[in-house]
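For reference, the chains in residue letters:
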Amino acid sequence: MKNIFVIGAGKGLGNGVAEKFGRNGFRVVLMARNAARLETYAKDFSSKKIEVHTQAADVSDFESFARIFNSAVEKFGTPDVLFYNVGITTPDAENLSAQDLVAHYVTDVAGAYNCVKLVDTAEFAEKRGAILITGGGLALQPYAGYLPLSMDKAALRAMVQALAPVLSAKGIYIGTVQVTGNIGSNEHFAPKNIAEEFWKLYSQRETHEIIY
């Protein structure tokens, strides 16, 4: 059975992508900080006859996250798909500080890079593993009211573009969907519809970016 590790599980896009892959025969491993919420999500997936497991972890604590991630790999096997869906999406504080920028970057970007490094292995390459990352329209049209998120989505986009040829040479795929609206705000941006775009990236591997 194939595995998808969902980093940043949640009621919106995280679980939407997890369900799409789960309904296509994947074992789902949900990871997020809140253990109680993960338990609730697991019950929902189980009711849909999707095999699901959970691991509470914080991507901003690199060493701790790596230990938990590697423990999950030992338990469930090397993932076939890693989906990174973590991001601080709250509006900026009035007096945004340089330290605020750093805190956002650690979670939004460095956490993603840490995950990429964790799956950049011979085992993942042998599976022709795929790394999928949630991007955002702010990478293309930045907005001062969401300055850290604008900067971080641009950085994630650069990371995907820079690493794509390097990882592809090993047999590993990386791709991102740039979501240009508020997830769940209307039918177009419904999680289930965005999940279809991630499935397209995974199954077709024809491009490293979809603007949605």
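Residues numbered from 1 in each chain as written. Predicted model: local features only at pLDDT ≥ 70, side-chain atom pairs only at ≥ 80, totals over all residues. Heavy atoms only, no water.

Draft legend 1. Geometry of helix H3 (residues 62-76). Here H3 contains 15 residues, and its C-alpha end-to-end distance of 21 Å stays within 8% of the 21 Å for a straight helix at 1.5 Å per residue. Check the buried side of H3 and you find it contacts strand E1 (3-7), strand E2 (27-32), strand E3 (52-56), strand E4 (81-84) and helix H4 (98-119). Positive backbone phi, approximately 100 degrees, marks Gly-77, located one or two places after H3. (Helix = DSSP H or I, 4+ residues; strand = E, 2+ residues; numbered from the N terminus. Expected span 1.5 Å × (residues − 1). Contact = heavy atoms within 4.5 Å.)

Draft legend 2. Inspection of unusual backbone geometry at higher detail. Here Arg-128, not a glycine, exhibits a phi torsion of approximately 55 degrees, which is positive. One non-glycine residue, Arg-205, lies in positive phi territory at about 55 degrees. Overall, Arg-205 belongs to the partly exposed group, its relative accessible area being 22%. (Buried < 20%, exposed > 50% of the residue type's maximum accessible area, 1.4 Å probe, protein only.)

Draft legend 3. Geometry of the side chain of Thr-107. Here Thr-107 shows up in helix H4. Here Thr-107 is in contact with Val-59, Ser-60, Tyr-84, Val-86, Ile-88 and Ala-112, once residues within four sequence places are set aside.

Draft legend 4. Geometry of the sheet that holds E4. Here seven strands make up an open sheet; going across it, the order is E3-E2-E1-E4-E5-E6-E7 and the pairing parallel. Each having just a single partner strand, E3 and strand E7 (209-211) make up the two edges of the open sheet. Neighbour to neighbour, the strand axes of the sheet diverge by 15 degrees on average, direction disregarded. The pairing of E2 with E3 spans five bridges and is parallel. Looking across to E3, one finds that Val-29 is bridged to His-53. Along the sheet, H4 makes contact with E1, E4, strand E5 (130-136) and strand E6 (173-179), crossing E4 at roughly 170 degrees. (Pairing = 2+ DSSP bridges. Axes fitted to C-alpha atoms, helices over the stretch in contact; angles between N-to-C directions.)

Draft legend 5. How the structure looks around the environment of Gly-145. Structurally, the position occupied by Gly-145 is in the loop between E5 and helix H6 (147-168). Sequence separation between Gly-145 and Leu-82 is 63 residues, and the spatial gap between their C-alpha atoms is 30 Å. Excluding its chain neighbours within four sequence positions, the residues that come into contact with Gly-145 are Pro-91 and Asp-92.

Draft legend 6. Up close: the pattern of salt bridges. One pass over the structure, following the stated rule, counts 10 salt bridges. Across the pair Lys-48 and Asp-44 runs a salt bridge whose closest N-O atoms are separated by 3.1 Å. Residues Lys-170 and Asp-120 are paired through a salt bridge, measuring 2.9 Å at the closest nitrogen-oxygen approach. Placement of Lys-170 in the loop between H6 and E6 and of Asp-120 in the loop between H4 and helix H5 (122-126) is noted, with a sequence separation of 50 residues between them. A relative accessible area of 41% places Lys-170 in the partly exposed class. (Salt bridge = Lys/Arg side-chain N within 4 Å of Asp/Glu carboxyl O.)

Draft legend 7. Molecular detail of the nonpolar core. With 33 residues, the main nonpolar core has Ile-4, Phe-21, Leu-30, Leu-132 and Phe-198 as its most contacted residues. For this core, the elements supplying multiple residues, two or more each, are E1, helix H1 (13-22), E2, helix H2 (35-47), E4, E5, E6 and helix H7 (191-204). Residue contributions to this core peak at six residues, all from H7. Ignoring anything within four residues of it in the chain, the contact list for Leu-132 reads Phe-21, Val-81, Leu-82, Phe-83, Tyr-84, Tyr-173, Gly-175, Phe-198, Leu-201 and Tyr-202. (Core = buried A, V, L, I, M, F, W, Y, C linked by side-chain atoms within 4.5 Å.)

Draft legend 8. Expanded view of the pairing of E1. Where burial is concerned, most of E1 is hidden: five out of the five residues are buried. Alternating positions in E1 separate into two faces, Asn-3, Phe-5 and Ile-7 on one and Ile-4 and Val-6 on the other, with burial throughout. Note that E1 and E2 share five bridges and pair parallel. In the strand pairing of E2, Phe-5 is matched with Val-29. Each parallel crossover has a hand, and for E1 linked through H1 to E2 it is right-handed. Sheet topology places E1 next to E4; four bridges connect them, and they run parallel. Across the sheet, residue Ile-4 finds its bridge partner in E4, namely Val-81. (Right-handed = clockwise from strand over helix to strand, strands pointing away.)

Draft legend 9. Here's a closer look at the packing of H3 against H4. Here H3 crosses H4 at 40 degrees, and the two axes come no closer than 11 Å. Here H4 runs oblique to H3, going by the angle between their axes. The chirality of how H3 crosses H4 is right-handed. Mapping the contact onto sequence places Phe-62, Phe-65, Ala-66, Phe-69 and Asn-70 in H3 and Val-106, Ala-110, Gly-111, Asn-114, Cys-115, Leu-118 and Val-119 in H4. Of the residues contributing to the contact of H3 with H4, the split by class is nine nonpolar, three polar and no charged. (Parallel < 35°, antiparallel > 145°, perpendicular 65-115°, else oblique. Left-handed = near helix turned anticlockwise from the far one by under 90°. Nonpolar A, V, L, I, M, F, W, Y, C, P; charged D, E, K, R; others polar.)

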